[in-house]
Amino acid sequence: MKPILVTGATGTTGSATLQYLKVRGANVRAMTRDKARAADFEARGIPAVVADFGDPVSLAKALEGVEKAFLAHPPSPEIPQHEKAFIDAAKKAGLKKIVKVSVIGASPEGALHLARWHAEVEAYLKRSGIAYTILRPHSFLQNLMASVPTIQEQGAIYSDNGDAKIPLIDARDIGAVAAAALTETGHDDKVYHLTGPAAVSFQEVAKAIGREIGKELQYIDVPDEAARQSMMGAGYPEWLADDLVTLNQWGRQVGVQQPTADVAIVLGRPAHSVLDFARDYAGAFMEEVAS
Ligand SMILES: NC(=O)c1ccc[n+]([C@@H]2O[C@H](COP(=O)([O-])OP(=O)(O)OC[C@H]3O[C@@H](n4cnc5c(N)ncnc54)[C@H](OP(=O)(O)O)[C@@H]3O)[C@@H](O)[C@H]2O)c1
């Protein structure tokens, strides 16, 4: 069994994919830019390789002997250049399959930078001749970890979502779907739209997390500009803060965004709910709260 390369293996979707591939008994190879983290994978019995999307020589080495790959890149303007370079290297290495993480609403005409950048790569991958599965997830529940400081200090989650109801997805389900697409037949040349099982408001999210960590949490709605400034203060680049504000404006206008059934169809079980997430991540919220 030839290895499956997992890029972004230390990140949110990559680590989940790695975990679910291991459960399926797949032969994996984790990719990271960091030698120490590669050594850490190896110490845990996971073969690892050090490579950078910006370094074609390292990519060629990472892809040696590989048959399939999971492709995830952090949200950045380098997505088109880096992911296309990866697809080129994969083609040279004779890869048979790539599972790519994109974004819900990916489109060349999308209002968000991320929608346009991912759409560009989706089109390139489709033209590459390599079999693909494209995963278009909705916003991750794991993004809530960014609210740990205000949960800790003020018992509050701040955002500009208003009363919008959003089918937030647990990133573990993205990993589970990716692992299925990399190890089962029937997923080639498909695009999956991945959401949680139900649309939830941020008020409901705050209540669910609060109940699990034994602390009453408030959702505090803030104006778009305050949200934008706060994101930039937390180190988000301006384009990303703008994208998120645009997304939340749209979400408030739409009101309730409907979930899709793709996670349940692929996995044969429901997607994780916000209640599941709150229960399973309570420790992480509390550890951080205690630190
Ligand atoms: N967050 C959301 O709500 C959301 C919603 C829909 C779609 N998405 C999309 O999901 C995708 C994947 O996100 P994610 O959260 O899984 O990513 P992530 O955790 O931010 O990053 C993945 C990993 O990429 C590695 N990396 C960074 N630069 C690299 C480079 N130059 N070469 C090789 N590896 C590099 C890093 O690992 P090392 O430091 O170990 O190298 C990092 O841990 C994004 O493209 C985003 O647009 C996100």
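Residues numbered from 1 in each chain as written. Predicted model: local features only at pLDDT ≥ 70, side-chain atom pairs only at ≥ 80, totals over all residues. Heavy atoms only, no water.

Some points on the pattern of salt bridges
Logical step 1: Per the stated rule, a full pass over the model turns up 17 salt bridges.
Logical step 2: The partner of Glu225 in a salt bridge is Arg228, with the nearest N and O atoms 3.4 Å apart. Taken as a pair, Glu225 and Arg228 lie in helix α9 (residues 224–233) at a separation of three residues, close to a single helical turn.
Logical step 3: For Arg228, a relative accessible area of 14% corresponds to the buried category.
Logical step 4: Across the pair Arg279 and Asp276 runs a salt bridge, and its minimum N-O distance is 3.5 Å. Here Arg279 pairs with Asp276, and both are found in helix α12 (residues 274–290), just three residues apart, close to one helical turn.
Logical step 5: Through salt bridges that share partners, Asp170, Arg172, Asp276, Arg279 and Asp280 make up one connected network. (Salt bridge = Lys/Arg side-chain N within 4 Å of Asp/Glu carboxyl O. Helix = DSSP H or I, 4+ residues; strand = E, 2+ residues; numbered from the N terminus. Buried < 20%, exposed > 50% of the residue type's maximum accessible area, 1.4 Å probe, protein only.)

With respect to the domain arrangement of the chain
Logical step 1: Taken as a whole, the chain is organised into domain 1 (4–137) and domain 2 (139–169 + 196–259 + 270–291).
Logical step 2: Placing the centre of domain 1 and that of domain 2 at their C-alpha centroids yields a distance of 27 Å.
Logical step 3: At the junction of the two partners, domain 1 supplies twelve residues and domain 2 supplies ten residues.
Logical step 4: Carbon and sulfur atoms make up 79% of the surface buried where domain 1 meets domain 2, a total of about 830 Å² over both sides.
Logical step 5: Looking at the side of domain 1 facing domain 2, the largest losses of area belong to Leu112, His113 and Pro137, adding up to 48% of the total buried there.
Logical step 6: Linking domain 1 to domain 2 there are two residue pairs in polar contact (both at pLDDT 80 or more). (Domains from an automatic or database assignment. Contact = heavy atoms within 4.5 Å. Buried area = accessible area lost by both parts, 1.4 Å probe. Polar contact = N/O pair within 3.5 Å; in protein donor to acceptor, adjacent residues only side chain to side chain.)

What about the site of the ligand?
Logical step 1: Not every one of the 26 residues close to the ligand is listed here, only the nearest: Thr10, Thr13, Thr32, Arg33 and His73.
Logical step 2: At 2.9 Å from a nitrogen atom of the ligand is found a side-chain nitrogen or oxygen belonging to Asp52.
Logical step 3: Within the contact set of the ligand, an oxygen atom lies 2.9 Å away from a side-chain nitrogen or oxygen of His118.
Logical step 4: Summarising the interface, the protein chains cover 85% of the accessible area of the ligand, which totals 930 Å² for the free molecule.
Logical step 5: Mapped onto the shell around the ligand, the elements with two or more residues apiece are α1 (12–23), β2 (28–32), α4 (79–92) and α5 (113–127).
Logical step 6: Residue composition of the shell around the ligand, grouped by class: eleven nonpolar, 13 polar and two charged.
Logical step 7: Residue contributions to the shell around the ligand reach at least three from each of two domains, namely domain 1 (4–137) and domain 2 (139–169 + 196–259 + 270–291). (Near = heavy atom within 4 Å. Areas by Shrake-Rupley, 256 points an atom, 1.4 Å probe, with all protein chains shown as cover. Nonpolar A, V, L, I, M, F, W, Y, C, P; charged D, E, K, R; others polar.)

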